[in-house]
Amino acid sequence: MKNFGLDIWSNNNFIIEDGQIKLNYKSMPSILQIVEEIRSDDVRGPILLRFPHLIKRQIKSLYSYFDKAMTENSYNGNFNAVFPLKVNQFPHAVDAITSQGAQFNYGLEAGSKAELILAMSKTPSGAHITVNGFKDEEMITLGFIAAQSGHNLTITIEGLGELETIIEVAKKCDLKVPNIGIRVRLHSAGSGIWAKSGGMDAKFGLTSTEIIEAVRLLREENLLQHLSMIHFHIGSQMSDIAPLKRALREAGNIYAELKKMGASSLDSINIGGGLAVEYDQHTHSKSRNYSVEEFSSSVVFLLKEIMDAKNVKHPDIYTESGRFIVASHAVLITPVLELFTQDYQEKLLNFKEVNPPLIKELIDLNSLLNNKNCIEYLHDALDHMESILTLFDLGYIDLQDRSNAEILVHNIIKRALYLTSSNPTNELEQLQVRLQERYLINASIFQSLPDYWGLNQHFPVMPLHHLNATPIRAASLWDITCDSDGEIGFNPEKPLYLHDVNLDEEDYFLGFFNVGAYQETLGMNHNLFTHPSEYTVYINDTDYTITNKVESKSILDILESLGYNKDILSDKLKNDLLASEFITEKEKNDTLAKLELYLEQNGYLRTTN
Ligand code: PLP
């Protein structure tokens, strides 16, 4: 039995009980039970489950650790947080975020026009909206419209050109002027694979000379009273806390200097995102070297220290960490369609009346193998297999003998692995790695785990069931795209062992965890595999409810989203079929019905799994 690193990555959100992984919340349903209920409605292909209570848990933890740090440090400013929409813009994710965050006044961050429109439509009244990223006059005008509509919105300028546009828009219209923020370009850079957002060569932010110029311009245009925030972001998934501390010292001092320069309305520091998620399944705290508690107390402590030293009122603190908020809420479930060595099934043995001596020996080894002799018999079997392959190459035995030998030897290896699984020898471990099993999963890595494909980001993966049995097969996972990059190979440094199941007799499901951040919108339709069917699951004290079903797009809808006319496509297919000759009218109608059904189904595979 293995726990697949649950104690490392799951933050107690899940537990293993009765051989299944379960939600560690209220009625504690098993994920398998939820999946089976969904599949009983004839849903096939990958399934994405959203658990809103896990979003609430993260929001609550962020707010309570900052509250705690502020109380402990006698900090006088307030704490606010916004969710960066780029991390997950899907409707049922955003609805869960805004509804679970309402009691905390949790707001939204937008980085594009479309995200700004979404933020304006979805932000709970009174909650903050921050606007980052490059902006044109239209986007800035949208910010004015949002302020006019009553939103508490801050436009963060990424360069002086944007400030000039704000000034022009303010002159052109009589709309309410939104709060203005300045993104500062820090010399401190972040850490981790996403750390390209900080440092002097960063894509965004104003240098100190530009900040001074911005204040001059704002004062000259009588807009300085709208400057309320300075902002920085040193990169997502910050692995080390040290760069954040350097960035806070730098940004804190810039803030205090601006206050001295007369920016009297300036009252907030926005520290961007960066809070990391533990994705590692093998080694404790590999993804980050700090906890949320340390993160929040470092931010509060450092800002207080700087402000007290410069005799400046403590600013309100804003964060934009989104990965930390939503990564855990989504679990991707993929059925396993095939185990490639399942071709070696005992039922396929086909002995002759007289078998070659080596085959006879393999038959004996297979039937007499037990706890005590398994290593010795395994050595014998491997040795015989070598000889049989040589005999085959020399033409002394035929294909049937070779097939029988392969099945027998595979069976002996598997049974030896089982018998020694509680105490495997080095040799057996190496053998396991050499004889990797390939698990074909009914999903697309490009669509559902794009960061694995693009950045080699590991996501925790484990079976939903069989968890009271020791997994013995070194596993590599193949997706169903026609692309050899659609594979998560076996990595001896982060080994994944799965169970040896007979898929003719039972289903086997894998869950990929912490996939709620970035994966959904970054996912691509390679081979035209689209977003998996998704469901939101609310868990209560006695049961759970499944809502917000959004089935994976049908084949015709996928094609239509590319710009094809689905009616023209389906008419062409049907007309071609009807124009062909059928022997019976029934066959014609049945085939037409089949075609129509296929076009309305999603593009994932529909074998029994
Ligand atoms: N804020 C800004 C300005 C960002 O660019 C990003 C993403 O990189 C975030 C917030 C989100 O950060 P995270 O991925 O840590 O949630």
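Not measured: the values here are computed from a predicted model. (Residues numbered from 1 in each chain as written. Predicted model: local features only at pLDDT ≥ 70, side-chain atom pairs only at ≥ 80, totals over all residues. Heavy atoms only, no water.)

Things to note about the UniProt feature "modified residue: N6-(pyridoxal phosphate)lysine" (unreviewed entry) in the protein chain
- Here, UniProt's "modified residue: N6-(pyridoxal phosphate)lysine" (unreviewed entry) annotation points to Lys86.
- On the secondary structure map, Lys86 appears in the loop between strand S4 (79-84) and helix H4 (91-101).
- In this structure, Lys86 is in contact with Glu109, Glu115, Tyr518 and Thr521, ignoring residues within four places of it in sequence. (UniProt positions renumbered as here; feature names shortened; annotations may be inferred. Helix = DSSP H or I, 4+ residues; strand = E, 2+ residues; numbered from the N terminus. Contact = heavy atoms within 4.5 Å.)

Some thoughts on the side chain of Arg44
- Tracing the chain through its elements places Arg44 in the loop between helix H2 (31-39) and strand S3 (47-50).
- Buried and without a salt bridge, Arg44 has Asp42 as its closest oppositely charged side chain, separated by 4.5 Å.
- A polar contact of 3.3 Å, which involves the side chain of Arg44, links it to the backbone oxygen of Arg39. (Buried < 20%, exposed > 50% of the residue type's maximum accessible area, 1.4 Å probe, protein only. Lys, Arg positive; Asp, Glu negative; His and termini not counted. Salt bridge = Lys/Arg side-chain N within 4 Å of Asp/Glu carboxyl O. Polar contact = N/O pair within 3.5 Å; in protein donor to acceptor, adjacent residues only side chain to side chain.)

Examining the pairing of S4
- Of all the six residues making up S4, six are buried; the element is thus mostly covered by neighbouring parts of the structure.
- Going residue by residue along S4, you find Phe79, Ala81 and Phe83 tucked away on one face and Asn80, Val82 and Pro84 tucked away on the opposite face as well.
- By the bridge criterion, three bridges tie S4 to strand S11 (residues 316-319) in an arrangement that is parallel. When the sheet's bridge partners are listed, Phe79 is paired in S11 with Ile317.
- Here three bridges tie S4 to strand S5 (residues 107-110), and the two strands are oriented parallel to one another. Of the residues in S5, the one forming a bridge with Phe83 is Leu108. (Pairing = 2+ DSSP bridges.)

Topic: the domain arrangement of the protein chain
- In terms of domain boundaries, the protein chain breaks down into domain 1 (52-327) and domain 2 (556-600).
- In this structure, domain 1 and domain 2 have C-alpha centres spaced 52 Å apart. (Domains from an automatic or database assignment.)

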